[in-house]
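# Descriptive analysis of the structure
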Amino acid sequence: MAAFPFEIEATDGKARTGVLKTPRGDIRTPAFMPVGTAATVKAMTVDQVKDTGADIILGNTYHLMLRPSAERVKRLGGLHKFMRWDKPILTDSGGFQVMSLSGISKLTEEAVTFSSHVDGSKHVLTPERSIEIQADLLGSDIVMQLDECVAWPAEEARARKGMELSARWAKRSKDAFGTRDTQVLFGIQQGSTFENLRRESSERLREIGFDGYAIGGLAVGEGHQAMCEVLDYAPGFLPEDRPRYLMGVGKPIDLVEAVARGVDMFDCVLPTRSGRHGQAWTWDGPINLKNAKYAEDETPLDPDSDCPASRDYSKAYLRHLFKAEEILGQVLLSWHNIAFFQALTAAMRAAIAEGRFEQFRRDFAARHLGG
Ligand SMILES: CCOC(=O)Nc1nc2cc3nc(NC)[nH]c3cc2c(=O)[nH]1
């Protein structure tokens with residue numbers, strides 16, 4: 001019996017909408033998870049994050065194990081109490097960030113060893129240690145296996161090696177996780193852009209058995225087209241009655257096209273990171289608020305939004321804040337962008353429930369990419 005019931009309420013083609021029920025609250029899918037890297041969704045309070053409609057956020061094992069350390073978070077009551085977020089948290093296993101953030105790192109069958117980008121201290125991450133950090137010290141609700149994300153492009157032989165290591169680490173992660181009734185473990189499908197490897201990865205994960213399945217190894221430079229070609233088959237290799245989570249994705253158009261191919265959950269730093277640099281995401285596409293054309297534009301980003309950052313401030317004022325390098329600019333635009341990503345997933349949930357997702361998909365692309 002799965003610890004977290006996943007109830008699919010409607011399907012439309014390959015798209016699904018449903019609810020993943022957890023002890024800390026329900027997660028409506030398709031779901032977008034704001035990234036809360038160092039125990040904060042950057043530039044936002046947890047109340048603002050909650051106001052956007054986010055049901056779950058992502059925490060980063062790599063950052064928190066380095067600072068303030070997972071043991072300190074545990075001593076302070078765990079990640080939910082520490083950052084005052086009482087809804088679900090999904091934590092990553094740290095592997096991906098080690099490879100992308102820590103200068104020196106070594107990958108063996110046993111572990112990933114690396115030096116901290118903060119103070120150069122040495123660290124070892126095994127599947128078992130990653131589970132201990134996520135499940136026992138941080139206290140996350142959805143725990144991820146330690147995996148190896150192979151860089152793109154990869155030769156098939158190299159992609160196979162990474163997929164097989166990830167599959168062995170999936171077993172070690174599951175054994176270390178054991179059975180818990182208030183937390184779940186997700187496996188991670190790998191295999192780069194090779195259909196046979198993706199199929200084999202999925203078969204190995206299903207034999208081990210997970211409460212949810214992530215699709216890893218994408219959004220690593222392959223581009224939208226190549227990613228969609230993998231998503232034409234990869235989600236279908238995973239159990240249809242469990243959540244499918246596409247990691248690190250993505251732009252709004254990526255979310256829509258991935259939902260059309262059967263994906264349920266997403267995380268990406270794009271809305272918060274681009275917000276801090278003056279880029280606003282809207283139904284009509286992204287805009288750069290530093291552009292002079294907004295200097296006296298008194299219209300808000302989205303008058304129909306219930307988010308104050310989207311509805312109550314003029315583009316002229318937001319542009320001024322960025323030109324003046326005022327912190328409030330980063331706060332308001334992060335808030336607006338997260339609210340937009342939540343509005344997008346809410347609109348997709350409604351479209352699927354009402355059997356009009358294909359029309360939504362066409363209308364969205366025409367307006368958002370229309371230029
Ligand atoms: C979020 C859970 O992720 C993990 O524990 N491992 C993992 N993370 C990834 C993060 C990614 N971000 C992007 N693009 C921005 N691509 C990613 C792939 C992985 C991955 O394969 N494996």
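Residues numbered from 1 in each chain as written. Predicted model: local features only at pLDDT ≥ 70, side-chain atom pairs only at ≥ 80, totals over all residues. Heavy atoms only, no water.

## As for helix α6 (residues 127-138)
- Spanning 12 residues, α6 covers 15 Å between terminal C-alpha atoms, matching the ideal 16 Å at 1.5 Å per step.
- Turning to α6, its buried residues number three or more, namely Pro127, Ser130, Ile131, Ile133, Gln134, Ala135, Leu137 and Leu138.
- Within two residues after α6, Gly139 carries a phi angle of roughly 75°, on the positive side. (Helix = DSSP H or I, 4+ residues; strand = E, 2+ residues; numbered from the N terminus. Expected span 1.5 Å × (residues − 1). Buried < 20%, exposed > 50% of the residue type's maximum accessible area, 1.4 Å probe, protein only.)

## Description of the site of the ligand
- Within the structure, the ligand sits among 17 residues, and Ser93, Asp147, Gly217, Leu218 and Ala219 are positioned closest to it.
- Side-chain polar atom of Gln190 to an oxygen atom of the ligand: 3.0 Å apart, as the coordinates give it.
- Between Gly217 and the ligand, the recorded distance is 2.7 Å, taken from a backbone N or O atom to an oxygen atom.
- Protein chains shield 87% of the accessible area of the ligand, which is 480 Å² for the free molecule.
- In a pocket analysis with a 2 Å cut-off to the grid points, the ligand is assigned to the largest pocket. (Near = heavy atom within 4 Å. Polar contact = N/O pair within 3.5 Å; in protein donor to acceptor, adjacent residues only side chain to side chain. Areas by Shrake-Rupley, 256 points an atom, 1.4 Å probe, with all protein chains shown as cover. 1 Å grid on protein atoms, 1.4 Å probe; cavity = no way out; pocket = protein on both sides within 12 Å on 5 of 7 lines; lining within 4 Å. Sits in = over half its atoms within 2 Å of the grid points.)

## Observations regarding the environment of Val220
- Structurally, Val220 can be placed in the loop between β12 (212-215) and α9 (223-231).
- Val220 sits in the partly exposed class, given a relative accessible area of 22%.
- For the pair Val220 and Trp152, spaced 68 residues apart in sequence, the C-alpha separation works out to 6.1 Å.
- In contact with Val220, not counting residues within four places along its chain, are Phe96, Cys149 and Trp152. (Contact = heavy atoms within 4.5 Å.)

## Thoughts on the pairing of strand β8 (residues 112-115)
- Taken together, the three bridges between strand β7 (residues 105-107) and β8 define a ladder with antiparallel strand orientation. The partner of Leu107 across the bridge, within β8, is Val112.
- Between the antiparallel neighbours β7 and β8 lie four residues.
- The hairpin turn running from β8 into strand β9 (residues 122-125), its antiparallel successor, is six residues long, and Gly120 in that turn takes a positive phi close to 80°. (Pairing = 2+ DSSP bridges.)

## A word on the side chain of Thr345
- Here Thr345 lies in helix α14 (residues 327-353).
- When its relative accessible area of 0% is taken as the criterion, Thr345 is described as buried.
- Excluding anything up to four places from it in sequence, Thr345 contacts Pro30, Ala31, Phe32 and Leu255.

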